[in-house]
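Secondary and tertiary structure notes
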Amino acid sequence: MIMVKGKVDGKEYQEPFSKGILARSLTTADMGSKKAYEAATEIELKLIENNINVISITELSEFVADYLRNEDPAIAEKYLKWRTLRKANGPLIILIGGASGVGTSSMAFELANRLGLKNLISTDMIREVMRKIVSKDLSPVIHKSSFNAYESIRIPKLASNPVVEGFRNQVEVVSVGVEAIIERSIKEGISTIIEGVHIVPGFINEELIEKYNIVVFTLTISDPEIHKSRFYSRCRQPWVKRSLQSYLDNFNSIRETQDFIVNQAKLSDSYIIDNVDVTTTIDMMMNDIIDKYGGIK
Ligand SMILES: Nc1ncnc2c1ncn2[C@@H]1O[C@H](COP(=O)(O)OP(=O)(O)OP(=O)(O)O)[C@@H](O)[C@H]1O
Ligand SMILES: O=C(O)[C@@H](CO)OP(=O)(O)O
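Residues numbered from 1 in each chain as written. Chains lettered and ligands numbered in written order. Predicted model: local features only at pLDDT ≥ 70, side-chain atom pairs only at ≥ 80, totals over all residues. Heavy atoms only, no water.

**Quick notes on the site of ligand 1**
- Neighbouring residues of ligand 1: 17 residues in total, closest Ser-100, Ser-105, Ser-106, Ser-233 and Arg-234.
- Asn-275 is positioned such that a nitrogen or oxygen atom in its side chain is 2.8 Å from a nitrogen atom of ligand 1.
- Within the backbone of Val-278, a nitrogen or oxygen atom sits 3.2 Å from a nitrogen atom of ligand 1.
- When isolated, ligand 1 has an accessible area of 630 Å², and the protein chains bury 85% of it.
- Mapped onto the shell around ligand 1, the elements with two or more residues apiece are helix H5 (104-115) and helix H9 (224-235). (Near = heavy atom within 4 Å. Polar contact = N/O pair within 3.5 Å; in protein donor to acceptor, adjacent residues only side chain to side chain. Areas by Shrake-Rupley, 256 points an atom, 1.4 Å probe, with all protein chains shown as cover. Helix = DSSP H or I, 4+ residues; strand = E, 2+ residues; numbered from the N terminus.)

What follows is the structure in structure tokens.
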């Protein structure tokens, strides 16, 4: 049995070589899961052929990188960049925003799967907790949806856009919870993905973003018909208890919130991705993360 040795907090440990663990790190380097498992099996055979019984994590990474260079240099490069990121001096916090229905939940789930991240939370959940704690009288705005929050606040007559005013009010409140999750994740050293309509560039504490490994994505759907179809696709699932009609009735307001979010993203350091195709979106997010944090912060 091949043993892999590593070091945690200065203490050495050894664990059996696992094809599954190696295959997962190859999938984060963009290799398909079937090919990743085949590659892990071949790498294990090569280690045995070289009579290697104990190998350090660093030596194993170099051994894998050499193997990948012969297979596909682009994947070798992504693998090494991802290894660098994993040695970063702190957890990776990924924020995925976008108007209702653009796919923030689905893409967050896919990305967490690809990266092997376990900590995933939605801003809808944060808002739900806030609704239990803060009464409708005290903060009516969080007891509404993002696209009809304006119905619950006093809108100055001169407000440029009531829908956006209401949305902004709700985002400001929920952002307090988002920052709490970011700070806790950093304190515990746990990489985390936070997704939802309330992830709006410019509303998250800039110092946090500057200081830690935080990457912000804004998903959009430029084609309104594709956007509308997403509500059908989501509400078709029998376990979803969200009314399709409510989204269709408020679709124009949802599009107005998207315009506001995208404008905010253009003013800030946020990647904007038109979420048309799952694979393209995930590949773009992976590339952006590796490009931005391939080095150590
Ligand atoms: N890239 C994509 N290609 C095809 N379908 C997608 C894509 N992204 C999401 N979907 C589908 O669109 C529907 C809406 O996605 P999702 O629930 O993730 O949106 P959301 O942004 O989280 O919405 P909300 O914020 O209202 O919860 C789902 O049925 C999902 O499967
Ligand atoms: O507020 C919203 O825009 C949506 C999605 O976040 O939530 P709900 O399904 O409660 O309307």
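Picking up where we left off.
**Description of the sheet that holds strand E1 (residues 3-8)**
- With mixed pairing, three strands are arranged side by side in an open sheet as E2-E1-E3. The sheet is open, and its two borders are formed by strand E2 (11-16) and strand E3 (54-56), each paired with just one other strand. Mean inter-strand twist for the sheet, computed between neighbouring axes without regard to direction, equals 30°.
- Across three bridges, the pairing between E1 and E3 is parallel. Considered in E3, the bridge of Val-4 is made with Ile-55. (Pairing = 2+ DSSP bridges. Axes fitted to C-alpha atoms, helices over the stretch in contact; angles between N-to-C directions.)

**Re the packing of helix H6 (residues 123-133) against helix H7 (residues 162-188)**
- Direction vectors running N to C along H6 and H7 enclose 105°, while the axes themselves pass 9 Å from each other. Put simply, H6 runs roughly perpendicular to H7. Contact with H6, carried on its side by Thr-123, Ile-126, Arg-127 and Met-130, involves Gln-170, Val-173, Val-174, Val-176, Gly-177, Val-178 and Ile-181 of H7 and no other residues of that element.
- Of the residues contributing to the contact of H6 with H7, the split by class is seven nonpolar, three polar and one charged. (Parallel < 35°, antiparallel > 145°, perpendicular 65-115°, else oblique. Contact = heavy atoms within 4.5 Å. Nonpolar A, V, L, I, M, F, W, Y, C, P; charged D, E, K, R; others polar.)

**A look at the site of ligand 2**
- Every residue near ligand 2 is listed here: Ser-100, Asp-124, Arg-127, Ser-145, Ser-146, Phe-147, Val-197, Arg-242 and Tyr-247.
- Side-chain polar atom of Tyr-247 to an oxygen atom of ligand 2: 2.5 Å apart, as the coordinates give it.
- Here ligand 2, which alone exposes 310 Å², has 86% of that area covered by the protein.
- Of the residues contributing to the shell around ligand 2, the split by class is three nonpolar, three polar and three charged.

**Remarks on the packing of aromatic side chains**
- Considering all chains together, one arrives at six aromatic pairs under this definition.
- Each residue in the set Phe-147, Phe-231, Tyr-247 and Phe-251 is aromatic and connected to the rest through ring pairs, giving one cluster.
- Above the plane of the ring of Tyr-247 lies Arg-234, whose end atom (NZ or CZ) is 4.9 Å from the centre. (Phe/Tyr/Trp six-rings, centres within 6.5 Å; stacked < 30°, edge-to-face > 60°. Lys NZ or Arg CZ within 6 Å of the ring centre and 35° of its normal.)

**Section: the nonpolar core**
- Membership of the largest hydrophobic core comes to 38 residues, with the highest contact counts inside it found for Ile-94, Ile-96, Leu-111, Leu-115, Ile-193, Phe-217 and Ile-289.
- With six residues, helix H12 (residues 278-293) is the largest single contributor of residues to this core.
- Listed in part, the 23 residues of the second largest apolar core include Leu-22, Phe-63, Ala-65 and Tyr-79. (Core = buried A, V, L, I, M, F, W, Y, C linked by side-chain atoms within 4.5 Å. Buried < 20%, exposed > 50% of the residue type's maximum accessible area, 1.4 Å probe, protein only.)

**Some points on the side chain of Thr-123**
- Structurally, Thr-123 can be placed in helix H6.
- On the basis of relative accessible area, Thr-123 is assigned to the buried category, the value being 0%.

**Observations concerning unusual backbone geometry**
- Positive phi outside glycine occurs at Asn-51, with the angle close to 55°.
- Within the secondary structure layout, Asn-51 lies in the loop between helix H2 (33-49) and E3.

**Structural notes on the domain arrangement of the protein**
- The domain boundaries assigned to the protein delineate domain 1 (3-87) and domain 2 (93-294).
- Counting from both sides, the interface comprises 10 residues of domain 1 and, opposite them, 12 residues of domain 2.
- Of the roughly 1,000 Å² buried at the junction of domain 1 and domain 2 (both faces included), carbon and sulfur atoms supply 53%.
- The tally of links between domain 1 and domain 2 comes to zero salt bridges.
- Among the elements of the structure, helix H1 (19-28) and helix H4 (73-86) are those that each provide at least two residues to the side of domain 1 that touches domain 2.
- No other element matches H4, which puts six residues into the side of domain 1 that touches domain 2.
- Within the side of domain 1 that touches domain 2, the residues separate by chemical class into two nonpolar, three polar and five charged. (Domains from an automatic or database assignment. Buried area = accessible area lost by both parts, 1.4 Å probe. Salt bridge = Lys/Arg side-chain N within 4 Å of Asp/Glu carboxyl O.)

**Looking at H7**
- Across its 27 residues, H7 extends 39 Å between first and last C-alpha, which sits within 8% of the 39 Å expected from 1.5 Å per residue.
- Approximately 30° is the largest bend angle found in H7, and it occurs at Val-174.
- Capping of H7 at its N-terminal end is provided by Asn-161; its side-chain oxygen lies 2.9 Å from the backbone amide nitrogen of Val-163.
- Looking at the residues trailing H7, positive phi occurs at Gly-189, about 70°. (Expected span 1.5 Å × (residues − 1). Bend = angle between axes of the 7 residues up to and from the residue.)

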